[in-house]
Amino acid sequence: MDSSLMTREKKEKRTDLPELSISSIEGPVVMRIAPGPSGPLHLGHSRVAVLNDEYVRRYEGRLINRFEDTNPEKIDPDAYRMIPEDLDWLGVEIHDTIIQSDRFERYYEVIRQLTGMGHAYVCICDSDDWRNAKSACECCPCRDQPVEVQLERLDRLMSSHYAAGKAAAVIKTAIDHPNPALRDFIALRQVDHPHPRTGDRYNIYPMMNLSVAIDDHDLGLTHVLRGKDHLNNTFRQEYIYDYLGWRKPTFMHYGLVSIPDTVLKTSVIGRGIKEGQFTGWDDVRTGTLRALARRGIKPEAIRRFWMDVGIKQVDVQVSWDNLFAMNRDIIDSQAQRYFFVPNPVAVDVCFDGEAESHCPLHPDRPELGQRKHSFSGDFQVHICPDDMQELQDRGMIRLKGLCNISHGEICRHAGDDMGVTRQGVKVIQWAPPGSIPAEVLMPDGGLVKGLVEPVSAAAGDMVQFERFGFVRLEQVDTRVRAVYAHR
RNA sequence: GCUCCUGUAGUGUAGUCCGGCCAAUCAUUCCGCCCUUUCGAGGCGGUGACCCGGGUUCGAAUCCCGGCAGGAGCACCA
């Protein structure tokens, strides 16, 4: 038996998410993620995906991906393709996919049913008046019309008799509910905007509280896990469950996520791409999963990160440090080491002899072999400006894996005694003759140019540029292009 | 304004339901030291927190009350 299914002892450390309440459900656990197809997924979205996925795996249940595309004005048609790609990259296993724009008839059926039961009405008041009445706990004139009138109006609404914005189907809750957010809510309205999937076949669209309640019920969801920004939506949706006598899933709400130092908002990124400020959905200045993937952040690190954060209702601020630490832990043993010299300056070294440098491709894995460079007589290497300064100040520096060089009137090979490092001589990376032009794309969008020794890793690999940071190689041929991940 | 949710180190987290083993866990950050021909990895050590005030109790991070603070919602977005 899976030990995680056993009730934990009081003093036992929690290493996992808390248990789901499964005593009251009959079949398997069914959960869902419900992205709006307005763009690709970003780091914030990945939390709900990972957590749902983890639960479904643990209980051997099913995970449904539901595209919530009931607002035709906010849809990017590419998102229907990009989101599954992103989920796949994250390692989230989807057992079923449904699209809300396939289900308009069902939503119409339910709103008609609710109207017939007297739980919904069609309001044809000015929307401001309706809202103002609500905030004063008062009904608008439409609310108390008899059911026959409401059904008639619903027919008219459905046949576009009213102009968009002039009428809406409204779910009754309690007009004097103490929480103003819960007094009557719009369920259905007309939107005159072509839908990328259904064109102009439908122009009556459900609001999310209607479609979500219906779908969650129809799909047999047992648990709904989402952000607590949906708390009031849950309360609204529960009215629909209650009116129709539906059994409710267990609702769980985790705290809000704030992610510093990055652009997350899909609409902002989309606009930025159109206007040329961003290079695309994978622009490293954004927090999309595509951007993180490009930087070499592994999906396993993201998963570990969200598991560590858990499902508490406290708001959290994402710590890039923590995420990077988890990523470093994953990639460190795989990443080959290379010398990259940013903003290189040449150093001519006076030498009459022969030497060969030896640096391991990975310091902890000698079996991977070494990078070797041979020297005979005078030679030239490149080092970065800070190290040049150090060489001048101290008069000596050690080229890692090769030799020491001294700085006087001219620079000289100064032997291979490693003991000098104990006297504080710095050990630096250097670019041998035959190095390749390289540029590293930094998280702020800037480019660091330099030289890198010949690289035997391939595009797509993570490598560590020693004393610079971990990068993901994007191009390796006559030049090297890489994207900075973290230190 | 109203309603709801939440307050443990810089950040994330454990403990809170069922009060004592909590002078509070783990990770990360930061600072030392060791090791290492990287500012990576590894090892050792250190700094650092129970929002405040009352109450109950022999005993409160944990239970109760009151403050305060933060967040969310009050959309014909999701």
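Residues numbered from 1 in each chain as written. Chains lettered and ligands numbered in written order. Predicted model: local features only at pLDDT ≥ 70, side-chain atom pairs only at ≥ 80, totals over all residues. Heavy atoms only, no water.

Chemist: Looking at this structure, how should I read the sheet that holds strand β1 (residues 30-33)?
Modeler: An order of β1-β2-β3 is seen for the three strands of this open sheet, with the pairing classed as parallel. At either end of the open sheet lies a strand with only one pairing partner, and these are β1 and β3 (96-99). Ignoring which end each strand starts from, the neighbouring axes of this sheet average 30° apart. Pairing between β1 and strand β2 (residues 62-67): four bridges, direction parallel. When the bridges of β2 are listed, Ile-33 appears paired with Asn-65. Packed on one face of the sheet, helix α1 (residues 43-58) meets β1 and β2 and runs near 165° to β1. Packing of helix α2 (residues 79-90) onto the sheet brings it into contact with β1, β2 and β3, and relative to β2 it is tilted by some 155°. (Pairing = 2+ DSSP bridges. Helix = DSSP H or I, 4+ residues; strand = E, 2+ residues; numbered from the N terminus. Axes fitted to C-alpha atoms, helices over the stretch in contact; angles between N-to-C directions. Contact = heavy atoms within 4.5 Å.)

Chemist: Would you mind showing me how to read the packing of helix α6 (residues 208-218) against helix α7 (residues 231-244) here?
Modeler: Two measures define how a pair of helices packs: the angle their axes make with one another and the distance between the axes. α7 packs onto α6 with a crossing angle of 60° between their chain directions and a minimal axis gap of 9 Å. When the axis of α6 is compared with that of α7, the two are oblique. Note on packing geometry: the crossing formed by α6 with α7 is right-handed. Where α6 approaches α7, its residues Met-208, Asn-209, Leu-210, Val-212, Ala-213, Asp-216 and His-217 are matched on the opposing element by Asn-233, Arg-236, Gln-237, Ile-240 and Tyr-241. Split by residue class, the contact of α6 with α7 holds six nonpolar, four polar and two charged. (Parallel < 35°, antiparallel > 145°, perpendicular 65-115°, else oblique. Left-handed = near helix turned anticlockwise from the far one by under 90°. Nonpolar A, V, L, I, M, F, W, Y, C, P; charged D, E, K, R; others polar.)

Chemist: Honestly, the pairing of β3 in this entry has me stumped. Any pointers?
Modeler: In regular strands, side chains alternate between the two faces of the sheet. Bridge analysis of β2 against β3 gives four bridges, and the strand direction is parallel. Counted as the bridge partner of Ile-64 is Asp-96 from β3. In the classification by handedness, the crossover that spans β2, the intervening α2 and the parallel β3 is right-handed. (Right-handed = clockwise from strand over helix to strand, strands pointing away.)

Chemist: In this structure, what is going on with the packing of helix α10 (residues 299-309) against helix α11 (residues 320-331)? I would like to understand it.
Modeler: The contact between α10 and α11 brings their axes to 9 Å, and the two run at 135°. Looking at the two axes, α10 sits oblique to α11. At the point where α10 passes α11, the crossing takes the right-handed sense. Along the contact surface, α10 presents Glu-300, Ala-301, Ile-302, Arg-304, Phe-305 and Asp-308, while α11 presents Asn-322, Leu-323, Met-326, Asn-327, Asp-329 and Ile-330. Here the contact of α10 with α11 is built from residues that sort into six nonpolar, two polar and four charged.

Chemist: I tried to follow the pattern of salt bridges on my own but got confused; where do I start?
Modeler: Pairing between side chains becomes possible if they bear opposite charge and their charged atoms approach one another. One pass over the full model with this rule turns up 42 salt bridges. For Arg-32, the salt bridge identified is with Asp-216, shortest N-O distance 2.8 Å. Residue Arg-32 is located in strand β1, and its partner Asp-216 is located in helix α6; the two are separated by 184 residues in the primary sequence. Its relative accessible area of 7% is what places Arg-32 among the buried residues. In this structure, Glu-109 and Arg-106 form a salt bridge, with 3.0 Å as the shortest nitrogen-oxygen distance. (Salt bridge = Lys/Arg side-chain N within 4 Å of Asp/Glu carboxyl O. Buried < 20%, exposed > 50% of the residue type's maximum accessible area, 1.4 Å probe, protein only.)

Chemist: Help me understand α2, please; the structure alone is not making it clear to me.
Modeler: Spacing of three or four residues puts side chains on the same side of an α-helix, whose turn is 3.6 residues. The end-to-end C-alpha distance of α2 is 16 Å, a good match for the 16 Å that twelve residues give at a rise of 1.5 Å each. Listed in full, the buried residues belonging to α2 are Ala-79, Tyr-80, Met-82, Ile-83, Asp-86, Leu-87 and Leu-90. Buried residues in α2, looked at end-on, bunch into an arc of 165°, giving them a common side. Of the surrounding elements, those touching the buried residues of α2 are β1, α1, β2, β3, α9 (289-295) and α10. Looking one or two residues past α2, Gly-91 carries a phi angle of roughly 80°, positive in sign. (Expected span 1.5 Å × (residues − 1). Arc of directions from axis to C-beta.)

Chemist: Quick question: what am I supposed to make of the sheet that holds strand β12 (residues 336-338) here?
Modeler: One key point about sheets: their strands pair by backbone hydrogen bonds, in either a parallel or an antiparallel sense. Across the sheet, seven strands lie side by side as β12-β24-β25-β26-β22-β23-β13; this open sheet has mixed pairing. If you trace the sheet from one side to the other, it starts and ends with β12 and β13 (340-342), each paired once. Along the sheet, successive strands turn relative to each other by an average axial angle of 40°, direction set aside. The pairing of strand β24 (residues 462-465) with strand β25 (residues 469-476) spans four bridges and is classified as antiparallel. The residue bridging Val-463 from the neighbouring strand is Val-471, located in β25. The sheet strands contacting α11 are β24, β25 and β26 (480-486), and the helix crosses β26 at an angle near 125°.

Chemist: Explanation requested: the domain arrangement of chain A in the structure shown.
Modeler: Quoted interface sizes are often the accessible area lost when the parts come together. Its domain assignment divides chain A into domain 1 (13-100 + 208-331), domain 2 (105-206) and domain 3 (335-487). Distance from the C-alpha centre of domain 1 to the C-alpha centre of domain 3: 43 Å. Taken together, the contact between domain 1 and domain 3 spans twelve residues of the former and 15 residues of the latter. Between domain 1 and domain 3, roughly 1200 Å² of surface is buried when both sides are summed, and carbon and sulfur atoms account for 58% of that area. When the buried surface of domain 1 facing domain 3 is broken down by residue, Arg-294, Arg-295 and Ile-331 rank first, second and third, together holding 51% of it. Summed over the shared surface of domain 1 and domain 3, the number is one salt bridge. (Domains from an automatic or database assignment. Buried area = accessible area lost by both parts, 1.4 Å probe.)

Chemist: Which parts of the structure should I look at to understand the pairing of strand β22 (residues 436-441)?
Modeler: Burial analysis of β22 places five of its six residues in the buried class, the great majority of the element. By the bridge criterion, four bridges tie β22 to β26 in an arrangement that is parallel. Counted as the bridge partner of Val-440 is Ala-482 from β26.

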